[in-house]
Amino acid sequence: MSNKVSCEIIKDMLPLYYDDVCSDDSKRMVEEHLAECPNCQNELDRLKADFTLPKEEIESIRNDRNVINNISSFWKQSRIKSFMKGIIISTLLFSLIILGYFGLFNWQIISVSTDKIEAENVGQLADSKIFFYYEINDGHSLNRLKYDMDKEGNFYITPLRPIIKREGQPHTGLEKSYYVIDIKYHEQARGKEIKAIYFGTPKDKILIWEKGMDVPKVNEEIENRYHNGKL
């Protein structure tokens with residue numbers, strides 16, 4: 001069959017043969033011709049060379065592709081890390097804002113200066129408890145009294161507020177109040193004798209009572225109000 005087919009026809013068919021898109025009969029015809037025709041075989045070899053990249057170029061392309069894949073993978077990982085870092089930072093900032101807001105308005109850590117406090121009517125109840133009336137007159141609310149006692153037996157009642165003060169509301173806070181101190185109870189609870197009672201802090205204080213002080217008895221009205229739970 002190869003003697004009946006010219007080289008020109010075979011050369012026209014070589015691209016189809018190379019791409020493996022010709023029929024089986026055409027393929028057999030080309031192969032039979034190539035087996036006997038060195039010129040057409042050389043033409044096929046040249047065709048293969050034209051469509052085949054050098055090994056070095058193939059390796060270079062493969063390396064470039066690996067680099068691109070690595071860059072793409074790194075970029076994806078970096079984006080994920082950046083996203084997670086952003087979430088963590090945002091969460092921390094949000095938490096700090098919430099804590100800061102809560103702290104400014106709710107942490108009772110600032111003591112009230114005694115120049116804003118009046119303490120009077122100190123007296124003693126029938127059961128030896130100390131009674132007095134105090135008033136904080138700066139117009140801001142008070143919601144906490146802290147108790148401390150030092151090693152010398154000085155007992156401190158400290159009014160505390162948050163950093164940002166709120167306006168006082170009538171009959172809702174501790175700005176104006178009668179106060180009763182059970183000395184025996186606090187001595188038993190702390191295992192130490194109380195020698196003096198102050199309203200304020202160790203550095204800014206008003207003396208309420210000290211051991212040996214002559215304290216008058218409260219009147220009958222105060223005594224009754226105390227026992228009826230109306231103080």
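Computed from a predicted structure; not experimentally measured. (Residues numbered from 1 in each chain as written. Predicted model: local features only at pLDDT ≥ 70, side-chain atom pairs only at ≥ 80, totals over all residues. Heavy atoms only, no water.)

Student: Now, about the overall build of the protein: what can you tell me, with residues and values included?
Tutor: Secondary structure summary: the protein contains 6 helices and 8 strands in total. The order of helices and strands in the protein, counted from the N terminus, is α-α-α-α-β-β-β-β-β-β-α-β-β-α. Taking the contacts inside the protein whose residues are at least 6 apart along the sequence as the reference set, 63% of them involve residues at least 24 apart. Of the roughly 16,100 Å² of accessible surface on the protein, a fraction of 54% belongs to carbon and sulfur atoms. (Helix = DSSP H or I, 4+ residues; strand = E, 2+ residues; numbered from the N terminus. Contact = heavy atoms within 4.5 Å. Areas by Shrake-Rupley, 256 points an atom, 1.4 Å probe, with all protein chains shown as cover.)

Student: Quick rundown of the UniProt feature "transmembrane region" (unreviewed entry) in the protein? Include the residues and the values.
Tutor: UniProt annotation of "transmembrane region" (unreviewed entry) refers to residues 86-107 when read in the numbering used here. What you have in residues 86-107 is 95% helix and 0% strand, and the ends, taken at the C-alpha atoms, are 29 Å apart. (UniProt positions renumbered as here; feature names shortened; annotations may be inferred.)

Student: An account of the packing of aromatic side chains is requested, with residue identities and associated values reported.
Tutor: In the structure shown here, the tally under the stated rule is 8 aromatic pairs. Judged by centre distance (5.9 Å) and plane angle (75°), the rings of Phe 132 and Phe 199 are edge-to-face. In this pair, Phe 132 is assigned in strand E3 (residues 130-136) and Phe 199 in strand E7 (residues 196-201), connecting sequence segments 67 residues apart. The class of Phe 132 is buried, set by a relative accessible area of 0%. Geometrically, the ring pair formed by Tyr 147 and Phe 155 is stacked, given 6.1 Å between the ring centres and 25° between the ring planes. Among the aromatic residues, those joined into a cluster by ring pairs are Phe 132, Tyr 134, Tyr 179 and Phe 199. Residue placement shows Lys 205 over the ring face of Tyr 198; its charged tip is 4.6 Å from the ring centre. (Phe/Tyr/Trp six-rings, centres within 6.5 Å; stacked < 30°, edge-to-face > 60°. Buried < 20%, exposed > 50% of the residue type's maximum accessible area, 1.4 Å probe, protein only. Lys NZ or Arg CZ within 6 Å of the ring centre and 35° of its normal.)

Student: Outline the side chain of Glu 223, listing residues and values.
Tutor: Locating Glu 223 in the fold gives a position in helix H6 (residues 220-227). Among buried Asp, Glu, Lys and Arg side chains, Glu 223 stands out as unpaired, with Lys 217 the closest opposite charge at 7.5 Å. A polar atom in the side chain of Glu 223 sits 2.9 Å from the side chain of His 227. The residues contacting Glu 223, other than those within four sequence positions of it, are Leu 125, Ala 126 and Val 218. (Lys, Arg positive; Asp, Glu negative; His and termini not counted. Salt bridge = Lys/Arg side-chain N within 4 Å of Asp/Glu carboxyl O. Polar contact = N/O pair within 3.5 Å; in protein donor to acceptor, adjacent residues only side chain to side chain.)

Student: Could you give an account of the nonpolar core, with specific residues and numbers?
Tutor: Judged by nonpolar contacts, the single largest core of 20 residues is most densely connected at Phe 132, Tyr 134, Ile 157, Ile 197, Phe 199 and Trp 209. Of all the secondary structure elements, the ones that give two or more residues to this core are E3, strand E4 (144-149), strand E5 (154-161), strand E6 (176-181), E7 and strand E8 (204-210). Looking at which element gives the most residues to this core, the answer is E3, with 4 residues. Among all residues touching Ile 157, those that are not within four sequence positions of it are Phe 132, Leu 145, Lys 146, Tyr 147, Tyr 179, Ile 181, Ile 197, Tyr 198, Phe 199 and Gly 200. With 13 residues, the next largest nonpolar core counts Ile 10, Cys 22, Val 30 and Leu 44 among its residues. (Core = buried A, V, L, I, M, F, W, Y, C linked by side-chain atoms within 4.5 Å.)

Student: Explain the environment of Lys 165 to me, and be specific about the residues and the numbers.
Tutor: Considering the arrangement of structural elements, one finds Lys 165 in the loop between E5 and E6. Looking at Lys 165, the relative accessible area reads 43%, which means it is partly exposed. Each C-alpha atom, one on Lys 165 and one on Ser 141, is 7.1 Å from the other, the two residues being 24 residues apart in sequence.

Student: Describe in detail the UniProt feature "domain: Putative zinc-finger" (unreviewed entry) in the protein, supporting the description with residues and values.
Tutor: Here the UniProt feature "domain: Putative zinc-finger" (unreviewed entry) sits at residues 7-41. Across residues 7-41 one finds 83% helix and 0% strand; the C-alpha atoms that close the span lie 10 Å apart.

Student: Can you break down the environment of His 140 residue by residue, with the values?
Tutor: Inspection of the secondary structure assignment puts His 140 in the loop between E3 and E4. With a relative accessible area of 25%, His 140 lands in the partly exposed category. Along the primary structure His 140 and Lys 165 are separated by 25 residues, whereas in three dimensions their C-alpha atoms are 6.3 Å apart. Setting aside residues no more than four positions away along its own chain, His 140 makes contact with Arg 161, Lys 165, Arg 166, Glu 167, Gly 168 and Glu 175.

Student: How would you summarise the packing of helix H1 (residues 7-18) against helix H2 (residues 24-36) if you had to cite specific residues and measurements?
Tutor: At their nearest, the axes of H1 and H2 sit 10 Å apart, and the two run at 120° to each other. Between H1 and H2, the interaxial angle falls into the category oblique. The crossing of H1 and H2 is left-handed. Between H1 and H2, the residues in contact are Cys 7, Ile 10, Met 13, Leu 14 and Tyr 17 and Ser 26, Lys 27, Met 29, Val 30, Glu 31, His 33 and Leu 34, respectively. Of the residues in the contact of H1 with H2, the class split is 8 nonpolar, 2 polar and 2 charged. (Axes fitted to C-alpha atoms, helices over the stretch in contact; angles between N-to-C directions. Parallel < 35°, antiparallel > 145°, perpendicular 65-115°, else oblique. Left-handed = near helix turned anticlockwise from the far one by under 90°. Nonpolar A, V, L, I, M, F, W, Y, C, P; charged D, E, K, R; others polar.)

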